[in-house]
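Listed here are the chains, written in short residue letters.
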Amino acid sequence: MAKVLLLGGSGLIGRELLRLLQLDPRVSRIVAPSRRPLPPGNKLINPLGTNLTSLVVALDEPIDLLFCCLGTTRKQAGSAQAFRAVDYDLVVDCAKAARELGARHCLAVSAHGADAHSCFLYNRTKGEMELALMQQGWPLLTLVRPSLLVGRRHPPRLLEQLSAPLFKMLPGKWKAVESDIVAKALLEQAFNAGLGGITVLDSDQIAASVEEL
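Sequence order as written defines the numbering, with residues in each chain counted from 1. Residue-level local features of this predicted model are given only where pLDDT is at least 70; pairs of side-chain atoms are given and counted only at 80 or more, and the full residue set underlies all totals for whole chains, interfaces and linings. Hydrogens and water molecules were not included; the side-chain quantities draw on all heavy atoms of the structure.

So, the environment of Q76
Comment: elements are numbered from the N terminus, with helices defined as DSSP H or I runs of at least four residues and strands as E runs of at least two. Within the secondary structure, Q76 sits in helix α3 (residues 74-77). Only 3.3 Å separates the side chain of Q76 from the side chain of T72, close enough to count as a polar contact. We define a polar contact as two N or O atoms separated by no more than 3.5 Å, with the added condition that, inside protein, one atom must be a possible hydrogen donor and the other a possible acceptor, whereas residues neighbouring each other in sequence contribute only through side-chain atom pairs.

Below, the structure is given as structure tokens:
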């Protein structure tokens, strides 16, 4: 049975993934550090603190799987530097700590258009994050790149609400995807990702991987 480290358990994808992990008999323990308390669960250990990296570094029990659902926007973070601190530094530093705890499979939420050479801050940061994870030598690395996410955010993002109807009609990797579908795809990949290597799933592939179940 797997011991899981979940980052971003209070977010749009993380909330649903936490629920699925608690129901899955293949998972024995879920360690989910957060700034605010998460809903209690039988398998859940929820260290609390303002510095998530410190909470992860302080862990001393073995971890099998890392799910990283961390993410913000420049507007929410307040500055480009604060945005990068979450979407790059926090992700990469926590992943490094999880690898040192023995985790062999990292599953991280990135974004459609992730490109380390992009002129756009959001896409460039996501692309640099992906490259950094690749350089950490994970035996298994799964990167999911959803387009616009559809779901109930707290607080809601007005631009996403206005854009969702349009993005649902777009083809392929541009098509909007439900946050609960992304969570299900992450769980599916965690236990069915093959023997090794890097897997990248765009929006259409995320949905297809769940439809095949």
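Now, onward.
A short note on the pattern of salt bridges
Any Lys or Arg side-chain nitrogen found within 4 Å of a carboxyl oxygen on Asp or Glu counts as a salt bridge. Overall, the coordinates contain seven salt bridges when judged by the stated rule. The partner of K126 in a salt bridge is D87, with the nearest N and O atoms 2.7 Å apart. With K126 in helix α5 (residues 121-134) and D87 in helix α4 (residues 80-100), the pair connects residues that are 39 residues apart, well separated along the chain. The pair K126 / D87 is uniform in exposure class, with both members buried. Ionic pairing is found between K96 and E100, a salt bridge with its closest N-O pair at 2.8 Å. In this pair, K96 and E100 both sit in helix α4, four residues apart, roughly one turn of the helix. The partly exposed category is assigned to K96, whose relative accessible area is 47%. Only protein chains enter the accessibility calculation, which uses a 1.4 Å probe; a residue whose area is less than 20% of its type maximum is buried, one above 50% is exposed, and one in between is partly exposed.

Side note on the packing of aromatic side chains
Any pair of Phe, Tyr and Trp rings, taking the six-membered ring for Trp, is counted once the centres come within 6.5 Å. Such a pair is stacked with planes under 30 degrees apart, edge-to-face with planes over 60 apart, and tilted for the rest. Taken as a whole and assessed by the stated rule, the structure comprises one aromatic pair. Each ring, one from F83 and one from Y122, has its centre 5.7 Å from the other, and the planes form 25°; the classification is stacked. Taken together, the residues F83 in helix α4 and Y122 in helix α5 connect sequence positions 39 residues apart. Since its relative accessible area comes to 35%, Y122 is described here as partly exposed. Between R99 and the ring centre of W138, over which it is positioned, the NZ or CZ distance is 5.6 Å. By definition, being over a ring means that NZ of Lys or CZ of Arg is both within 6 Å of the ring centre and within 35 degrees of the ring normal.

Focus: α4
Under the convention used throughout, the expected extent of a helix is 1.5 Å for every residue step, that is, one less than its residue count. Under the 1.5 Å per step criterion, the end-to-end length of α4 is 29 Å for 21 residues, consistent within 8% with the ideal 30 Å. In α4, a bend of some 35° at D89 exceeds every other bend along the element. Within α4, the full set of buried residues consists of F83, D87, Y88, L90, V91, V92, C94, A95, A97 and A98. It only takes one pair of heavy atoms within 4.5 Å for two residues to be counted as in contact. At its buried positions, α4 is contacted by β1 (2-7), α2 (52-57), β4 (65-68), α3 and α5. What is called the bend at a residue is the angle between a pair of axes, fitted to the seven residues leading up to and ending at it and to the seven starting from it.

Digging into the sheet that holds β4
Hydrogen bonds between backbone atoms are what pair the strands of a sheet, whose relative direction is either parallel or antiparallel. With parallel pairing, the seven strands of this open sheet are ordered in space as β3-β2-β1-β4-β5-β6-β9. The outermost strands of the open sheet, each flanked by one partner alone, are β3 (44-45) and β9 (197-202). As judged from the five bridges shared by strand β5 (residues 105-109) and strand β6 (residues 140-145), these two strands associate in the parallel manner. By the bridge assignment, V109 is partnered in β6 with V144. Here the axes come from fitting lines to C-alpha atoms, over the contacting stretch only for helices, and the angles between their N-to-C directions go from 0 to 180 degrees. Contacting β5, β6 and β9, α5 crosses the sheet at an angle of about 170° to β6. Note on pairing: DSSP must find at least two bridges between two strands before they are called paired.

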